[in-house]
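One-letter residues, chain by chain:
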Amino acid sequence: MDKLLTVDGLTFQPFITNEEIQKQVKRVAGEIREDLKGRVPLFVCVLNGAFMFAADLIREAAINDAHINFVRYSSYEGTASTGKVKELMGLNEDIEGKDVVIIEDIVDTGLTASMMVADLRKRNPRSIRFATLLHKPASSKTGFKPDYVAFEIEPKFIIGYGLDLDGKVRNLKDIYVIKED
Ligand code: IMP
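Residues numbered from 1 in each chain as written. Predicted model: local features only at pLDDT ≥ 70, side-chain atom pairs only at ≥ 80, totals over all residues. Heavy atoms only, no water.

S.K.: Please set out the site of the ligand residue by residue, giving values where relevant.
M.R.: As a structural note, the neighbourhood of the ligand is formed by 18 residues, with Thr109, Gly110, Thr112, Lys136 and Ile158 the closest of them. For the ligand, an oxygen atom lies 3.3 Å from a polar atom in the side chain of Glu104. Protein coverage of the free-state accessible area of the ligand, which is 490 Å², stands at 92%. Elements that contribute at least two residues to the shell around the ligand include exactly β4 (67-77), β6 (99-107) and α3 (111-121). When residues of the shell around the ligand are assigned to their parent elements, the largest contribution, four residues, is made by β6. (Near = heavy atom within 4 Å. Polar contact = N/O pair within 3.5 Å; in protein donor to acceptor, adjacent residues only side chain to side chain. Areas by Shrake-Rupley, 256 points an atom, 1.4 Å probe, with all protein chains shown as cover. Helix = DSSP H or I, 4+ residues; strand = E, 2+ residues; numbered from the N terminus.)

S.K.: Quick one: what's the story with the pattern of salt bridges, residue by residue and with numbers?
M.R.: Applying the stated criterion across every chain, the model contains 10 salt bridges. In this structure, Asp99 engages Arg126 in a salt bridge whose closest nitrogen and oxygen atoms are separated by 3.7 Å. Of this pair, Asp99 sits in strand β6 while Arg126 is found in the loop between α3 and β7 (127-135), placing the two residues 27 residues apart along the sequence. For Asp119, the salt bridge is made with Lys122, and the minimal N-O distance between the two is 3.6 Å. Accessibility expressed as a relative area gives 66% for Lys122, which makes it exposed. A network of salt bridges, in which partner residues are shared, links Arg39, Asp99 and Arg126. (Salt bridge = Lys/Arg side-chain N within 4 Å of Asp/Glu carboxyl O. Buried < 20%, exposed > 50% of the residue type's maximum accessible area, 1.4 Å probe, protein only.)

S.K.: Kindly report on helix α1 (residues 18-35), identifying the contributing residues and their values.
M.R.: Given a rise of 1.5 Å per residue, 18 residues ought to cover 26 Å, and the 25 Å separating the end C-alpha atoms of α1 matches this to within 8%. Along α1, the positions that sit buried rather than exposed are Ile21, Val25, Val28, Ala29 and Ile32. What you see down the axis of α1 is that its buried residues fit within an arc of 105 degrees, all on one side. Projecting away from the buried face of α1 at angles above 90 degrees are the exposed residues Glu19, Lys23 and Lys26. (Expected span 1.5 Å × (residues − 1). Arc of directions from axis to C-beta.)

S.K.: Explain the pairing of strand β8 (residues 148-152) to me, using residue names and the numbers behind them.
M.R.: With respect to burial, β8 is a largely interior element, four of its five residues being buried. Of the strand pairs in this sheet, β7 and β8 are connected by four bridges, and their pairing is parallel. Counterpart to Thr132 in the pairing with β8 is Val149. (Pairing = 2+ DSSP bridges.)

S.K.: Tell me about the side chain of His135, and please be specific about residues and values.
M.R.: Inspection of the secondary structure puts His135 in strand β7. Excluding its chain neighbours within four sequence positions, the residues that come into contact with His135 are Val107, Phe144, Pro146, Val149, Phe151, Glu152 and Ile153. (Contact = heavy atoms within 4.5 Å.)

S.K.: Break down the sheet that holds strand β9 (residues 158-159) for me, citing the residues and quoting the values.
M.R.: Sheet strands pair via backbone hydrogen bonds, and the direction of the pair is either parallel or antiparallel. With respect to topology, four strands assemble into an open sheet ordered β1-β2-β10-β9, the strand pairing being antiparallel. Here the strands that pair on one side only, and so sit at the sheet edges, are β1 (5-7) and β9. Sheet analysis places β9 next to strand β10 (residues 175-178), joined by two bridges and oriented antiparallel. Within β10, the position partnered with Ile159 by the bridge is Tyr176.

S.K.: Lay out a nonpolar patch on the surface with the relevant residues and their values.
M.R.: A surface patch of nonpolar side chains, about 340 Å² in accessible area, is lined by Ile68, Phe70, Leu88 and Met89. Residue assignment for the nonpolar patch shows that the elements contributing at least two residues are β4 and β5 (80-89). Along the polypeptide, Ile68 turns up in strand β4. Owing to a relative accessible area of 44%, Ile68 belongs among the partly exposed residues under this scheme. (Patch = residues over 30% accessible without salt bridge, like charges linked within 9 Å, V, L, I, M, F, W, Y side chains within 5 Å.)

S.K.: Report on unusual backbone geometry, specifying residues and quantitative values.
M.R.: Omega for the bond connecting Leu47 with Asn48 falls within 30 degrees of zero, at 0 degrees, which places this linkage in the cis form. Positive phi values are uncommon outside glycine, yet Ala62 reaches one of about 50 degrees. Inspection of the secondary structure puts Ala62 in the loop between α2 (51-61) and β4.

Now the structure itself:
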C-alpha cells in the first residue's frame, strides 16, 4: 500500500488501508446493533459507491432478520459535485413503521443525504438513521450530520473501496486520496 496510482492523468496516494477500514466497520456495526436492539432494520444501500461498505457493514452487524434494499443517486462528474442530485432508482418498498438505516459511501456537500432523508421521511418510517463510510464536514453546504461515521476526512477527492473516478477504480480494497503538489 505504498504505491502511487495514476487514474485519468491524476495521481493518488495511499490513504486508508483495508485493515483500518475493517476496524471502523466493526465499530460502526456495533453501534448500529446496539441502537437497534430488538428492532428489525431495513438497510438501504446507496448505489453505486456504497456497495462495498454496505456489504461489509451489514455482514458485520449480523442482524439476520434485517432486510436489505438499494437506491441509486448521482451528483458527481469527475472530481466535483455538480450541485444537482438526480434520483436514478428509488426505493420500491413500503417503509411505513420501519427502522431505516441508510448506508452511503461519502457525505460531501450533504445535498444527496439531506434530499434522500427528506424524501424517505414523507413515507412515515418509524426512524431513519444515516451511516457513512466517509464524511467531509468542511465541504458541507447543508449542515447535514450523519448518525454513524467510519472516518471524518479533509475535503479532498478520494477513490477506492467503492468510490470512483468517472466509474473507475471502485474495485480497490484500500482508499486513496488525490495528491496535490
Ligand atoms: P454530496 O451530495 O455532495 O454529499 O455528495 C455525495 C456523493 O458524491 C457521494 O455519494 C459520492 O458518490 C460523490 N462523492 C463525493 N465526494 C467524493 C469523493 O471524494 N470521491 C468520489 N465520489 C465522491
